[in-house]
Amino acid sequence: MKETINVNIGSLSFTLDRDAYDELRTYLDEIRRHLPEEDHDTLNDIEGRIAEILSGEVRNPMQVVTYNMVMRLKERIGAPSCFGEESHTPRPISPQKSRIYRSRKERILAGICGGLGKHFDLDPALIRLVALILIFFGGVSVWLYIILWLLIPEEPLDNPFSNKQH
């Protein structure tokens, strides 16, 4: 189960999953850094083009825009550097939240410990050992693991960080 976000892009409403939203937000922030500060028309045109492309991808109003759709969209529009030199003036950039995912590669049961290890840059075996000690001797219930299994989304298939080994 993934969190979805409703957004307005180029005066059209879309529902994006969290990964797609974060990727598109970062992409638009990067483009904004490459445009002159006073150039609002170009950014509006880019958003209009994004809305046009996504309208072609989304077959019905209930369909959610996925991370893969955003990656294809970025390929069609081009790299942010295509829009000019990066501005050296500081601009507010939306903060990127680091997400915790269940690992697809470092998993024994559900990938919880592997995902936590990747998120905190620790060895998943160490996380597993601590989890076992807490379950058997610390009074932490197996229910906590099951709840985390239900709440933490699985790592996206095409996550650029999924090849990172610990």
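Since the structure is predicted, the reported quantities are computational estimates derived from the model, not experimental observations.

Draft legend 1. Quick look at the nonpolar core. Ranked by internal contacts, the top residues of the largest apolar core, which has 23 residues, are Ile9, Phe14, Leu16, Leu24, Ile50 and Val65. Those elements that place two or more of their residues in this core are strand E1 (4-9), strand E2 (12-17), helix H1 (18-34), helix H2 (40-57) and helix H3 (67-77). Aside from chain neighbours lying at most four places away, what touches Leu16 is Glu3, Thr4, Ile5, Val7, Ile9, Tyr21, Leu24, Val64 and Val65. Ala110, Leu116, Ile127 and Ile152 belong to the second-largest nonpolar core, a separate cluster that totals seven residues.

Draft legend 2. Examining the packing of H1 against H2 more closely. Across the interface, H1 lies against H2 with an axial gap of 11 Å and an inter-helix angle of 150 degrees. Of the possible angle classes, the one that applies to H1 and H2 is roughly antiparallel. The interaxial crossing formed by H1 with H2 has right-handed handedness. Facing Leu24, Leu28, Ile31 and Arg32 of H1, the residues of H2 in contact are Leu43, Ile46, Glu47 and Ile50.

Draft legend 3. Inspection of the pairing of E1 at higher detail. Only one face of E1 is buried, namely the one carrying Ile5, Val7 and Ile9, since none of Thr4, Asn6 and Asn8 on the opposite face is buried. The pairing of E1 with E2 spans six bridges and is antiparallel. Residue pairing in the sheet places Ile9 in a bridge with Leu12 of E2. As consecutive antiparallel partners, E1 and E2 are separated by two residues, and within that stretch Gly10 has a phi angle of approximately 55 degrees, a positive value.

Draft legend 4. Geometry of the pattern of salt bridges. Taken as a whole and assessed by the stated rule, the structure comprises 11 salt bridges. Here Glu3 and Arg99 are joined by a salt bridge, their closest N and O atoms 3.8 Å apart. Of the two residues, Glu3 sits in the segment before E1 while Arg99 sits in the loop between H3 and helix H4 (112-119), which places them 96 residues apart along the sequence. With relative accessibility at 39%, the residue Glu3 sits in the partly exposed group. Judged by its relative accessible area of 28%, Arg99 is partly exposed. The partner of Glu23 in a salt bridge is Lys74, with the nearest N and O atoms 2.4 Å apart.

Draft legend 5. View of the packing of aromatic side chains. Enumeration according to the criterion identifies one aromatic pair in this entry. Look at Tyr145 and Trp149: their rings are 6.4 Å apart centre to centre, the planes differ by 75 degrees, and that puts the pair in the edge-to-face class. Placement of the pair is Tyr145 and Trp149 together in helix H6 (residues 142-151), with a separation of four residues, close to one helical turn. Note on Tyr145: relative accessible area 16%, which makes it buried. For Trp149, a relative accessible area of 34% corresponds to the partly exposed category.

Draft legend 6. View of H3. What H3 keeps buried is the set Tyr67, Met69, Val70, Leu73 and Ile77. Relative to the axis of H3, the buried residues are bounded by an arc of 155 degrees and lie together on one face. Across H3 from its buried face, at more than 90 degrees, point the exposed residues Glu75 and Arg76. Looking at the packing, one finds that the buried side of H3 touches E2, H1 and H2.

What counts as what
Residues numbered from 1 in each chain as written. Predicted model: local features only at pLDDT ≥ 70, side-chain atom pairs only at ≥ 80, totals over all residues. Heavy atoms only, no water. Core = buried A, V, L, I, M, F, W, Y, C linked by side-chain atoms within 4.5 Å. Buried < 20%, exposed > 50% of the residue type's maximum accessible area, 1.4 Å probe, protein only. Helix = DSSP H or I, 4+ residues; strand = E, 2+ residues; numbered from the N terminus. Contact = heavy atoms within 4.5 Å. Axes fitted to C-alpha atoms, helices over the stretch in contact; angles between N-to-C directions. Parallel < 35°, antiparallel > 145°, perpendicular 65-115°, else oblique. Left-handed = near helix turned anticlockwise from the far one by under 90°. Pairing = 2+ DSSP bridges. Salt bridge = Lys/Arg side-chain N within 4 Å of Asp/Glu carboxyl O. Phe/Tyr/Trp six-rings, centres within 6.5 Å; stacked < 30°, edge-to-face > 60°. Arc of directions from axis to C-beta.

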